[in-house]
Amino acid sequence: MYRQDCVYNEPPKSRAQLLVERILELENKITQIESGSGSSSGNSSHGNSSPPRLIGRPSPAGAVYHIPAPRRTSPTGNSPRGINWIWNPAPAPVNPAYLHELPSRLRDSLIETFLQNRDRCCLDLHVGRFIAALSIPPNDHRALHPALVQAVLLIGSYFSRSPSMTDYEVRFLAQARHDLTLSVTNADRLHDFVRASNLVAFYYFCKGNYTEAYQQVSASSNMAMSCGLHQIHSSVWRPGSGMDDGDQQFLNHPVDNTVCFDKVMSMVVGRPSHLANGPLADPAFRVTTPWPRLIQDYETAAVSDQECHSVESLYNTRLVHPMARPETLTSLRVQGLCLLHYAYHLSHVVNPVPQDVHLLHTAIQYYQARLPGIRNAGEMGEIPATLGVSPVNQRLVLIRTLPLVATLVLFQHGGDSEARRQCGIASQGIVAIIAELADDDYSGLFVGLGHIWNLTCQIMINISRAAIAGTREQVNRNLAVVMRALKKLSIVYPLLGFQVQQLELMHAGAA
């Protein structure tokens, strides 16, 4: 017998590897074309200019920014819980084709696109000071950390909706991940780390990479808790104390958008939340930082704990201060997501304690009673009175939907008449909000609302299965309205189209 050598098949390449190889192939073709045109016109063989470098601001003299090669293992592989940094901590050897310089016109355009869509990322900032910080040398502590700059460019390229920006997205993502590692390694501007990590998680979320998004939020949450951002007390603040111009902040505390993404991703992937918000949460992990205020409130130190509420007062109305300031739209959004997430948690508990259900239902009703109308004119900060007919406030679409879906989630398994009544009222309320939306209103909605509508449709389908004939028809009519809204939102966020298909199959199987 003849011995035959074993033949092993190479493992399949990851999507990131295929994209990088495609980028290198296209860049080599461009280099060959430029070299050919340069030699025919009498220029040197190096062409008219060196390849641009991928950076977020004009680089200092002699600075070189490396983009690490993608990891060969998937970030969704086996990894321990806790602070899970999923990036390669050491810069990998860099191919010269990776060194790119972003044209200033394109850079400014991406930043402008990000600023126009920042609320869809649950991020608030002082625009003028943010732009000014981009021109500060990166080694200055007042400057934005490069990880945050790259994350901003990544989100700007995503919302540009331009196919030509797809290659840039891959590079911005790689550079942002690399810079996030450097931020942790050097303990450098860790607040910027939290914000940048949240933006990267938002990008993963919009792309449908839910596991990666959940892991990224895990990194943000653990860093926020390590820095004590979840338990900030402001009792020493006094009106009129002010701060120096050099110390003024252009962003709210980063724990706010961390909580938003933490609650949404926990429900999407069906895994535990990293930031506890229930009334019985472990005190060591409970968020006690007051709800977010206006940026000028932080800058002028004109606010204190006595004037603001936190998670504790959300579930215990006896802790509500009578002289508290009106809530901001940012704080209402965080509160609504906390209520929905706690309802989602209780819905998965076998035989939940009736007192817990009553406590949450009371909190939902109290929260809902304080909400402004969907056509309220306030877009940022304090909620002004609405005069006349105003356009739909896209932020309030999510805010007013949250307590209704929380009620639907809380009572979905109830078999008594009161539970069915609460589900019917909540369903009609969701449909009424959708009826107020015009086609143009969908473009500014938060992507998380699509997943909340998806959860609503799943509950309606389950209710329809067990309902009697007359009630089933009404439930199916409400379901059709929500599914049409989800289809319209899938034009803005294409990944939601897959969820629509899954719902249609689920509904067909229930018919």
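About the criteria used
- Residues numbered from 1 in each chain as written.
- Predicted model: local features only at pLDDT ≥ 70, side-chain atom pairs only at ≥ 80, totals over all residues.
- Heavy atoms only, no water.
- Helix = DSSP H or I, 4+ residues; strand = E, 2+ residues; numbered from the N terminus.
- Buried < 20%, exposed > 50% of the residue type's maximum accessible area, 1.4 Å probe, protein only.
- Contact = heavy atoms within 4.5 Å.
- Areas by Shrake-Rupley, 256 points an atom, 1.4 Å probe, with all protein chains shown as cover.
- Expected span 1.5 Å × (residues − 1).
- Disulfide = S-S within 2.5 Å.
- Salt bridge = Lys/Arg side-chain N within 4 Å of Asp/Glu carboxyl O.
- Phe/Tyr/Trp six-rings, centres within 6.5 Å; stacked < 30°, edge-to-face > 60°.
- Lys NZ or Arg CZ within 6 Å of the ring centre and 35° of its normal.
- Axes fitted to C-alpha atoms, helices over the stretch in contact; angles between N-to-C directions.
- Parallel < 35°, antiparallel > 145°, perpendicular 65-115°, else oblique.
- Left-handed = near helix turned anticlockwise from the far one by under 90°.
- pLDDT = per-residue confidence, 0-100.
- Nonpolar A, V, L, I, M, F, W, Y, C, P; charged D, E, K, R; others polar.

Asker: So what exactly am I meant to see when it comes to the overall build of the protein here?
Answerer: Within the protein one finds 17 helices and zero strands. Scored against the burial criterion, the 511 residues of the protein give a buried share of 50%. Taking all contacts inside the protein whose residues are at least 6 apart in sequence as the whole, residues at least 24 apart take part in 74%. When the accessible surface of the protein is split by element, carbon and sulfur atoms take 55% of a total near 24800 Å².

Asker: Would you mind going over helix H14 (residues 417–435) with me for this structure?
Answerer: Each full turn of the α-helix corresponds to 3.6 residues, which orients residues three or four apart in the same direction. An ideal rise of 1.5 Å per residue puts 27 Å on 19 residues; H14 measures up with 27 Å between its terminal C-alpha atoms. Those residues of H14 that fall on the buried side of the exposure criterion are Ala419, Gln422, Cys423, Ala426, Ser427, Gly429, Ile430, Val431, Ile433 and Ile434. Those residues of H14 that are buried lie in contact with helix H12 (354–369), helix H13 (394–411), helix H15 (447–466) and helix H16 (469–492).

Asker: Can you walk me through H16 in this structure?
Answerer: Taking 1.5 Å per residue as the helical rise, H16 with its 24 residues ought to reach 34 Å, and the 36 Å between its terminal C-alpha atoms agrees with that figure. Here H16 has its buried residues at Val475, Asn478, Leu479, Val481, Val482, Met483, Ala485, Leu486, Leu489, Ser490 and Val492.

Asker: Hey, could you run me through the state of the cysteines in this one?
Answerer: Among covalent bonds in proteins, the disulfide is the one between the sulfur atoms of two cysteines. Counted according to the given criterion, the structure contains zero disulfides. Of the cysteine sulfurs around Cys206, a residue in no disulfide, the closest is that of Cys121, at 7.1 Å. You can call Cys206 buried: its relative accessible area is 3%.

Asker: Would you take a moment to explain the pattern of salt bridges for this structure?
Answerer: Under the criterion given, the structure shown has 13 salt bridges. Notably, a salt bridge pairs Asp108 with Arg107, separated by 3.3 Å at the nearest N-O pair.

Asker: Looking at this structure, how should I read the environment of Ala147?
Answerer: Looking at the secondary structure, you find Ala147 in helix H4 (residues 146–159). The sequence separation of Ala147 and Val194 amounts to 47 residues, and the corresponding C-alpha distance is 9.9 Å.

Asker: What am I meant to see in the packing of aromatic side chains here?
Answerer: Aromatic rings considered in pairs are described by the distance between their centres and by the relative angle of their planes. Across all of its chains, the model carries nine aromatic pairs by this definition. On the numbers, 5.5 Å between centres and 70° between planes, the contact of Tyr315 with Tyr342 is edge-to-face. Placement of Tyr315 in helix H10 (residues 311–315) and of Tyr342 in helix H11 (residues 329–347) is noted, with a sequence separation of 27 residues between them. Across this residue pair, the class does not change: Tyr315 and Tyr342 are buried. Each member of the aromatic cluster is reached from another via a ring pair, and the members are Tyr158, Phe159, Phe202, Tyr203 and Tyr204. Residue placement shows Arg161 over the ring face of Tyr158; its charged tip is 4.7 Å from the ring centre. Over the ring of Tyr493 we find Arg161; its NZ or CZ atom is 5.8 Å from the centre of that ring.

Asker: I keep staring at unusual backbone geometry and nothing clicks. Help me out?
Answerer: Leave glycine aside and you will find that most residues have negative phi; peptide bonds, for their part, are mostly trans. At Arg189, a position not held by glycine, the phi torsion is positive, near 50°. Secondary-structure assignment places Arg189 in the loop between helix H5 (166–185) and helix H6 (190–207). In this model, Asn351 sits at a positive phi of 50°, which is unusual for a non-glycine residue. Relative to the assigned elements, Asn351 resides in the loop between H11 and H12.

Asker: Is there a simple way to explain the packing of H4 against H6 in this structure?
Answerer: Two numbers describe how H4 lies on H6: the axes approach to 8 Å, and their chain directions differ by 25°. Comparing the axis directions of H4 and H6 gives the class roughly parallel. Crossing angle aside, the handedness with which H4 passes H6 is left-handed. Listed contacts from H6 to Ala147, Leu148, Ala151, Val152, Leu154, Ile155, Tyr158 and Phe159 of H4 are Asp192, Arg195, Ala196, Leu199, Val200, Phe202, Tyr203, Cys206 and Lys207.

Asker: Mind showing me how you'd approach the confidence of the model for the protein here?
Answerer: Regions with low pLDDT should not have their predicted coordinates read in detail. Averaged over every residue, the pLDDT of the protein is 76; residues scoring 70 or more account for 73%. For residues 37–100, every residue scores under 50 in pLDDT, and the model assigns this stretch 106 contacts once sequence neighbours within four places are set aside.

Asker: Looking at this structure, I do not really get the environment of Ala133. What am I missing?
Answerer: Residue placement: Ala133 occurs in helix H3 (residues 127–133). Accessibility expressed as a relative area gives 4% for Ala133, which makes it buried. It is 9.9 Å that separates the C-alpha atoms of Ala133 and His145, two residues lying twelve residues apart in sequence.

Asker: Could you clarify how one ought to interpret the packing of H15 against H16 in this entry?
Answerer: When two helices pack together, you describe them by how their axes are tilted relative to each other and by the distance separating the axes. In the contact formed by H15 and H16, the axes pass within 9 Å of each other and the chain directions differ by 160°. Relative to H16, the element H15 is oriented roughly antiparallel. As H15 runs across H16, the sense of the crossing is left-handed. Seen from H15, the contacting residues are Leu449, Gly450, Trp453, Asn454, Cys457, Met460, Ile461, Ile463, Ser464 and Arg465; seen from H16, they are Arg472, Val475, Asn476, Asn478, Leu479, Val482, Met483, Ala485, Leu486 and Leu489. Here the contact of H15 with H16 is composed, by residue class, of 13 nonpolar, five polar and two charged.

Asker: Even after reading the chapter, I still don't get the environment of Ser310, so can you show me in this structure?
Answerer: Structurally, Ser310 is set in the loop between helix H9 (295–300) and H10. Taking the C-alpha atoms as reference points, Ser310 and Thr289, separated by 21 residues in sequence, lie 6.2 Å from one another.

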